[in-house]
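Structural overview
Take a look at the letters that make up each chain.
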Amino acid sequence: MAFPHLVLLLLFLLGADGTVFTLKNNCGRTIWPGILTSYEAPSLLNGGLELKKGQSKNITAPDNWSGRIWARDGCRFNARGIGKCLIGDCGGNLRCEGRMAAAPVSVAEFILSSDSDSYDVSLVDGYNMELSVVPLGGSGNCTKVSCSIDLADKCPKQMQVKFKGRVVACLTPCMVFKNPLVCCTGQYSNPQKCQASSYTEIFQSSCPLAYNFAFDDATKTFTCSGADYLITFC
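Residues numbered from 1 in each chain as written. Predicted model: local features only at pLDDT ≥ 70, side-chain atom pairs only at ≥ 80, totals over all residues. Heavy atoms only, no water.

1. Some words on the state of the cysteines
Counted according to the given criterion, the structure contains 7 disulfides. A sulfur-sulfur separation of 1.9 Å characterises the disulfide bridge that pairs Cys 142 with Cys 224. Here the disulfide of Cys 142 and Cys 224 is right-handed, its torsion about the S-S bond being about 85°. Residue Cys 142 is located in the loop between strand S8 (131-136) and strand S9 (145-147), and its partner Cys 224 is located in strand S12 (residues 222-224); the two are separated by 82 residues in the primary sequence. Given a relative accessible area of 1%, Cys 224 falls into the buried group. (Disulfide = S-S within 2.5 Å. Helix = DSSP H or I, 4+ residues; strand = E, 2+ residues; numbered from the N terminus. Buried < 20%, exposed > 50% of the residue type's maximum accessible area, 1.4 Å probe, protein only.)

Encoded structure:
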């Protein structure tokens, strides 16, 4: 008679494995989160989903998962999941399935392990909306990381992406000026010579905990053990 109870206990323990990402849409519109999984980890939801305003979605990732999560905006997809997004598109598909996001996008990055996770909010690929990562439970330096200010209002004119007269995203200086100094390439491709510029300083002053330019990760990557994560857009 005890056998069913043992089965239930086993199922509970198996279900407890992994890390739960809760994706929450605080925007006043539908968004389409994209998920890029690193090559050695299993894909989550085939890389994408639709999230209506006010909606949340729980996604369980295994302990060895690593990848990036961002939000696409202004998308239109047909019944087969084929279409296009104004911002953050990943090859014209609802399910990104290993495709990179088209910059500019605000990105949450994770490397999970059974010992300790590392995570950050990155503006290295530009900015398209407010984004925060909040560890739930866990131990260690489980810092809330966010870029919770609308940088579209502060984006320099040369870096603005506009749609119907409205600033919808902010490019990085490398995307605009394409020179080694701001791109941290060539002779500037090391931490000593790759420094914040007057343009990245706009990101830095508004979102000081976010990873703002190449080699800026030394103090902008955080660690936590045994946590789940709330990822909030807007």
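2. Digging into the confidence of the model for the protein
This prediction gives the protein a mean pLDDT of 88; 92% of its residues lie at or above 70. Overall, residues 1-15 carries pLDDT values under 50, and its contacts beyond four positions in sequence, including any with other chains, amount to 0 contacts. (pLDDT = per-residue confidence, 0-100. Contact = heavy atoms within 4.5 Å.)

3. Things to note about the nonpolar core
Counting residues in hydrophobic clusters, the biggest one holds 50 residues, and the most contacted among them are Phe 21, Trp 65, Phe 110 and Phe 233. In contact with Phe 110, other than residues within four places in its own chain, are Phe 21, Trp 65, Ser 66, Gly 67, Ile 69, Ser 118, Tyr 119, Val 133, Tyr 229 and Ile 231. (Core = buried A, V, L, I, M, F, W, Y, C linked by side-chain atoms within 4.5 Å.)

4. Observations concerning the packing of aromatic side chains
As enumerated under the stated definition, the model contains 8 aromatic pairs in all. For the pair Trp 32 and Phe 77, a centre-to-centre distance of 6.4 Å together with 70° between the ring planes defines the contact as edge-to-face. Note that Trp 32 is positioned in strand S2 (residues 32-37) and Phe 77 in strand S4 (residues 66-77), a separation of 45 residues in sequence. When its relative accessible area of 10% is taken as the criterion, Trp 32 is described as buried. (Phe/Tyr/Trp six-rings, centres within 6.5 Å; stacked < 30°, edge-to-face > 60°.)

5. Quick look at the pattern of salt bridges
If the charged atoms of two oppositely charged side chains come close together, the side chains can form a pair. Counted according to the given criterion, the structure contains 5 salt bridges. In this structure, the salt-bridge partner of Asp 73 is Arg 29, at a minimum N-O distance of 2.8 Å. Taken together, the residues span a long stretch of sequence, with Asp 73 in strand S4 and Arg 29 in the loop between strand S1 (19-25) and S2 at a distance of 44 residues. Residue Arg 29 is classed as partly exposed on the basis of its relative accessible area, which comes to 35%. Residue Glu 50 pairs with Lys 52 through a salt bridge whose shortest N-O separation is 2.8 Å. Taking the relative accessible area as the measure of exposure, Glu 50 reaches 38% and is therefore partly exposed. Residue classification places Lys 52 among the partly exposed positions, given a relative accessible area of 45%. Overlapping salt bridges bring together Arg 68, Glu 109 and Asp 125 as one network. (Salt bridge = Lys/Arg side-chain N within 4 Å of Asp/Glu carboxyl O.)

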